[in-house]
Amino acid sequence: MTDRVPSSPKMSARGVNVSYGGTPAIQDVSIDIDMENVTAFIGPSGCGKSTFLRTLNRMNDTIPSAKVTGDITLDGEDIYSAAMDVVQLRARVGMVFQKPNPFPKSIFENVAYGPRIHGLAASRPDMEAIVERSLKRAGLWDEVKDRLSDSGTALSGGQQQRLCIARAIAVDPEVILMDEPCSALDPIATAKIEELIHELRGRYAIVVVTHNMQQAARVSQRTAFFHLGQLVEYGATDDIFTNPRQERTKDYITGRYG
Amino acid sequence: MNSARTPTDWKGTAMQARIRRRYRSERAFKLAGLAAVILSAAFLAFLLVTMAWNGAGGFTRTEVALKLDFPAMALPVTPTQLRSPAADLALSGAGLKNAVETAGEGWVSDSAWMKVRDAIKADPSMLGRSQVIWLPASPAVEAEMRGGPDAGLEVHVLQSRGLVRTGFNLDFLTASNSTDPTAAGIWGALKGSLLTMLVTFLIAFPVGVLSAIYLEEYAARNRWTDLIEVSINNLAAVPSIIFGLLGLAVFLGTFSLFGHTIGPLFPRSAAVVGGLTLALMIMPVIVIASRNAIKAVPPSIRDAAYAVGASRVQVVFHHVLPLALPGILTGTIIGMARALGETAPLLLIGMRAFIVTPPEGFTDPSTVLPVQIFLWSDEVSRGFIEKTSAAIIVLLVFLLAMNGLAIYLRNKFETRW
Amino acid sequence: MNAFALLFLIAGLGLIGWLTGRARAVRFDRGARGRVNSLPSQHGWYVALWTLLPALLFVAVWSAVSPGLIRQAVLEHPAAAKLSDFAFERDAVIDEAGRVAADPRASAFNPIAAELAPAVREARSRYGWMGGGTAMLLAFAGGAFAFSRLSVDFRARTRVERWVMLILLLASLIAILTTIGIFLSLLWESLRFFSAVSPVELLFGTHWSPQVIDPKHPGASLGAVPLFWGTFFIGAVIAMIVAIPFGLMSAIYLTQYAPARVRAWMKPMLEILAGVPTVVYGYFAALTVAPAVRNLAVALGDTYASSESALAAGLVMGVMIIPFVSSMADDAIAAVPTAMRDGSLAMGATTSETIGRVLIPAALPGVVAGVLLAVSRAIGETMIVVMAASGAANVTLNPFESATTVTKQIVDLLTGEAEFDSPKTLAAFALGLTLFVITLLLNIFALRVVKKYREAYE
């Protein structure tokens, strides 16, 4: 598959700074996120890649001391403007977390949660269709179709994470943010999630934060390297891994630090 | 992968209306939460203001200047009698009470004659002349001075002549109980409370802290320690009145062991019985708080002490206990505050006696401040409403100080590691 | 001998033991090794503990046994022959004699008690000296024994540590002994009560009027169903209708919405509200709330409304419980992992949707357990109902009518002028036992739920 660079990016950030209670965490980051692409954020731990990810659907709002400046747009709309409704934003920009966090409800209710709060299903059969479609897309349907009323917390770690992905896609987001989605999982579960990311790519803009360079190389088309709160280099994944322009990127990729 | 993606129309009118509705319920919910907090705060404020409003009067007293013509009273007492210890008896036997009441004409309180008696004892020569003495005013005059109903005594006339004054009532803090609201004070009850608290502290603190140390540092995890732990947790939630029944049955010796009553171990109404009862009540509070404080001391400190060859007792008493002490003290203060405000168990063990003289020791009959409040609240006389509220203010001041100290300690020493 | 003087003397001996033991150890010849097993102060503690513990143990046992001996001695007094054969009456007279003997100012109501008083005094003094002397002797002997064992190689430290462990164990046993003591004392007095009144009559009888008891059939007017109903109605219904919404909403607001500064002020305020003594709430209920509730009832057309209504007591009790419910709910909500909250917010849920659909369902076991503990506290609450509720035992659903509670009746039964052993006063212990068992069951159940729930998220 070749890279297709669309005329206008799905999300774009310009000169973004984030600070926690005065301490800067992200400095002057500008980046474009494209539709139907997987973008990987890599970098050593503490480099700010997760912090930046959380600014993309305003999850930083839940931390009172966090302050975000600069412009971030979704389809050209400023997501930090007063006119932007955070509830709609988060429905359009979904998120999957580092540790699987299913709600202590049934599998069905976990997936139905988003459509229900946003009023996306007109009827019970409608809702069942959404749940089934989401679970199928998340590659979980065959494993759970006979026990939809079991608790979501009773699943294995990898299944829980795919349930969280199903939960995220049930509201038809345009962008899916994944914050180290495999870091709590074993290699087999990781492979399944990576496969899933690959399949989902055609429908959404996906951003994956990872500290695992092989994973970035495997799943992404574009890669951004963060270091000490700055975006060091951003480009096609192949270029970053085979021919990095920056010295710091090269050192990280060859394992000089990290 | 079936069915094509149908993008959600976020801008559609239906969806926009739905989002507006969701935000409305969000605001309503948040307001409901705020209202709950504000109403709770308002209740506290209302309670405190009511008490302060009613109680302010308890700390002031109206006095009337009364001219007493002692030669005209012709009290049959001799100077020798006045110097003897039986002077009180002699003066009341001589009809001083009636004489003062007659002279007071409803202006002075029922207990005013005792003031006169004390004045005569201090200066026996008074009996040979007429003398102006400031005496506590009767409840009716007191009420009129505070804007109450007209007592029919033309108070303002005397007031304009400077014969009525209102001032701080020091007697309220130094006197003991009395049937006359103008003479009643809280010192007796306060002293009873202090004695009771002392007994409570001396029993509950060492036993509570020591058992916490045992449970945290020594006890092996087995059925017995589980049993002790469950009992302590449950004791903390047993209604206080049950401890009153326990105190009644055990300490007052009505508990029949092997078929015969074992006679009173302690006199009824004594501070020592109340203290023991309350000690049993707050011990679990102290144990639980101490255990949490000891648990919070990181194992690395214990390891470090063991590594230099300290014995178990030395590790506990030199390292763990000092570090846990702020938490232990916080829990102890909270427990003691609870004991200080407790009423029901003390009612049952009989600390509700009418105590005119402050207790001198742990075995003297005594009462405590909350019980005094309860007893006064039952009095019909209007003057006791003020006294009750004033006593509540004194009690709340003590409790606020103790709770404030506990909160301060907790915030100051909160998790340093 | 005066108990305080005795304890003081024993403590003095202990101090002397500590000083001499330490002084002797200081002078030990350390020899060539230069190191000894134990420090001088540990030798001191060894002597002190041997001085104190046997003597104190004896005092404890003696103070439990001697009343029985005194009683035995008194019963041998010639005047005791005149005592009634009925155990209740006999015990009452002996109790009175004991009171008269203790307080020379008191005068005896019963002439036999006055005759027995000197015998009681004499027996008390005799056994007092006997016990005191033995205790002092034990203290001295223990100290001397320990002192004689000290030597340079004596392992005082190990022995002292073993003693310390024993003391700690004893301290923690007191907790369990208290529980057993409560249960036994309540059970014992209740059994005496149930020998006159059947438990079925007490627990299922519907007529409660202890003022008029038929001596031939006391159970007929001691049916506690109206009390149970009143307790439930005031404590578990009215109070909870106030406390649960206010407490829960306060906790939600303070944990999920309030800015840090507001929280820093509001939490101590709620703690203060929790620290106000119940007698103050009771006074407030009786003085301010009860008349207001009555006026309201009259305005609503209920002209016979009681001024000691169930509603007034229940309302104030509910307010008293608010901080308790709030802090339990606060703990329960705080125990839900933040990942759950983030997960819901990241889906585009509003805060209230997150609370209502994720946090509260996840925290529900903890919240329910907190409510159960609150109910157990409300039904055991005494002063508010003593001061604001009525003594009339009604089974009613009208909150403006009067209702009475178990705790209120216990206080009324035991603070009356009746003699101690009548079925009327013993009924208080049977009610106490019922209350104890109910609250204990509620607590055990709630604490178990809380524990399970905490483990689920750890």
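Because the structure is a prediction, the values reported are computed rather than measured.

Looking at the overall build of chain A
- A count of helices and strands for chain A gives 10 helices and 10 strands.
- Since a compact globule built from 258 residues should have a radius of gyration of about 18 Å, the 18 Å found for chain A is in line with a globular shape.
- In terms of its C-alpha atoms, chain A occupies a principal-axis envelope of roughly 55 × 45 × 35 Å.
- For chain A, the proportion of contacts with a sequence separation of at least 24, taken over those separated by at least 6, is 66%.
- For chain A, the exposed surface amounts to about 10400 Å²; the carbon and sulfur share of it is 47%.
- In chain A, 29 side chains carry a positive charge and 32 a negative one; their mean positions are 2 Å apart.

Brief notes about the overall build of chain B
- Scanning chain B for helices and strands turns up 18 helices and 5 strands.
- Against the 2.2 N^0.38 benchmark of 22 Å for 417 residues, chain B shows a C-alpha radius of gyration of 31 Å, more extended than a compact globule.
- Taken along its principal axes, the extent of the C-alpha atoms in chain B is 115 × 75 × 50 Å.
- For chain B, buried positions account for 52% of its 417 residues.
- Taking contacts inside chain B between residues at least 6 apart in sequence as the whole, the part at least 24 apart equals 74%.
- Of the roughly 18700 Å² of accessible surface on chain B, a fraction of 64% belongs to carbon and sulfur atoms.
- Taken as two groups, the 35 positive and 28 negative side-chain charges of chain B have centres that lie 14 Å from each other.

A closer look at the sheet that holds strand S1 (residues 60–69) of chain B
Residue and element names in this part refer to chain B.
- Reading across from one edge, S2-S1-S3 is the order of the 3 strands in this open sheet, with antiparallel pairing throughout. Pairing within the sheet leaves two strands with one partner each, and these edge strands are strand S2 (130–136) and strand S3 (164–168). Each neighbouring strand pair of the sheet contributes to a mean axis angle of 30 degrees, computed without reference to strand direction.
- Direction of pairing for S1 relative to S2: antiparallel, over a ladder of 7 bridges. Paired with Leu68 across the strands is Gln131, a residue of S2.
- Strands S1 and S2 of the sheet are contacted by helix H6 (residues 112–122), whose axis makes an angle of about 135 degrees with S2.

What to know about the interface of chain B and chain C
- Between chain B and chain C, the contact holds 86 residues from the first and 87 residues from the second.
- Note on chain B versus chain C: buried area summed over both sides is about 7500 Å², and carbon and sulfur give 77% of it.
- At the junction of chain B and chain C, the tally comes to 2 salt bridges.
- In this structure, Glu353(C) engages Arg22(B) in a salt bridge whose closest nitrogen and oxygen atoms are separated by 2.7 Å.
- Top element by residues in the side of chain B that touches chain C is helix H1 (residues 13–56) of chain B. It accounts for 21 residues.
- Per-class residue counts for the side of chain B that touches chain C are 56 nonpolar, 24 polar and 6 charged.

Looking at a positive patch on the surface
- A contiguous patch of positive charge, built from Arg20(B), Arg21(B), Arg24(B) and Arg27(B), is present on the exposed surface.
- Along the chain, Arg27(B) turns up in helix H1.

Structural notes on unusual backbone geometry
Residues and elements named next belong to chain A.
- In this structure, Asp75 is a non-glycine residue whose phi angle is positive, near 50 degrees.
- Relative to the helices and strands, Asp75 resides in the loop between strand S4 (66–74) and strand S5 (77–78).
- Here Leu228, not a glycine, exhibits a phi torsion of approximately 50 degrees, which is positive.

A short note on the pairing of strand S7 (residues 175–179) of chain A
Residues and elements named next belong to chain A.
- Burial analysis of S7 places 5 of its 5 residues in the buried class, which makes it a mostly covered element.
- Burial along S7 is two-sided: the face carrying Val175, Leu177 and Asp179 and the face carrying Ile176 and Met178 are both buried.
- Judged from the 4 bridges that link them, strand S6 (residues 93–96) and S7 form a sheet pairing that is parallel. Paired with Val96 across the strands is Met178, a residue of S7.
- Where S7 meets strand S8 (residues 205–209), 5 bridges bridge the pair, whose relative direction is parallel. In the sheet register, Met178 faces S8, and the bridge partner there is Val208.
- Crossover S7 to S8 through helix H7 (residues 187–200) is right-handed.

Regarding the domain arrangement of chain B
- Here chain B is described as being made up of domain 1 (59–95 + 107–116 + 128–168) and domain 2 (187–413).
- Relative placement of domain 1 of chain B and domain 2 of chain B: their C-alpha centres are 44 Å apart.

Let's talk about the nonpolar core
- Ile242(B), Tyr281(C), Ile321(C), Ile410(C) and Leu431(C) are the most contacted members of the largest nonpolar core, which totals 208 residues.
- The biggest single contributor to this core is helix H7 (residues 225–257) of chain C, with 16 residues.
- The next biggest cluster of nonpolar side chains, apart from the first, holds 35 residues, and it includes Val111(A), Ala170(A), Leu196(A) and Leu200(A).

Focus on the interface of chain A and chain B
- Of the residues lining the interface, 22 residues belong to chain A; the matching set on chain B comes to 14 residues.
- For the chain A and chain B pair, buried surface summed over both sides reaches about 1600 Å², with 44% attributable to carbon and sulfur atoms.
- Considering only the side of chain A, the residues that lose the most area to chain B are Gln88(A), Asp172(A) and Arg203(A), jointly responsible for 31% of the buried surface there.
- Across the chain A-chain B interface, the total number found is 0 salt bridges.
- Residue contributions to the side of chain A that touches chain B peak at 5 residues, all from helix H2 (residues 86–92) of chain A.
- When the residues that make up the side of chain A that touches chain B are grouped by side-chain class, the tally is 8 nonpolar, 3 polar and 11 charged.

The rules behind each value
- Residues numbered from 1 in each chain as written.
- Chains lettered and ligands numbered in written order.
- Predicted model: local features only at pLDDT ≥ 70, side-chain atom pairs only at ≥ 80, totals over all residues.
- Heavy atoms only, no water.
- Helix = DSSP H or I, 4+ residues; strand = E, 2+ residues; numbered from the N terminus.
- Rg over C-alpha atoms; globule rule 2.2 N^0.38 Å.
- Contact = heavy atoms within 4.5 Å.
- Areas by Shrake-Rupley, 256 points an atom, 1.4 Å probe, with all protein chains shown as cover.
- Lys, Arg positive; Asp, Glu negative; His and termini not counted.
- Charge placed at Lys NZ, Arg CZ, Asp CG, Glu CD.
- Buried < 20%, exposed > 50% of the residue type's maximum accessible area, 1.4 Å probe, protein only.
- Pairing = 2+ DSSP bridges.
- Axes fitted to C-alpha atoms, helices over the stretch in contact; angles between N-to-C directions.
- Buried area = accessible area lost by both parts, 1.4 Å probe.
- Salt bridge = Lys/Arg side-chain N within 4 Å of Asp/Glu carboxyl O.
- Nonpolar A, V, L, I, M, F, W, Y, C, P; charged D, E, K, R; others polar.
- Patch = residues over 30% accessible without salt bridge, like charges linked within 9 Å, V, L, I, M, F, W, Y side chains within 5 Å.
- Right-handed = clockwise from strand over helix to strand, strands pointing away.
- Domains from an automatic or database assignment.
- Core = buried A, V, L, I, M, F, W, Y, C linked by side-chain atoms within 4.5 Å.

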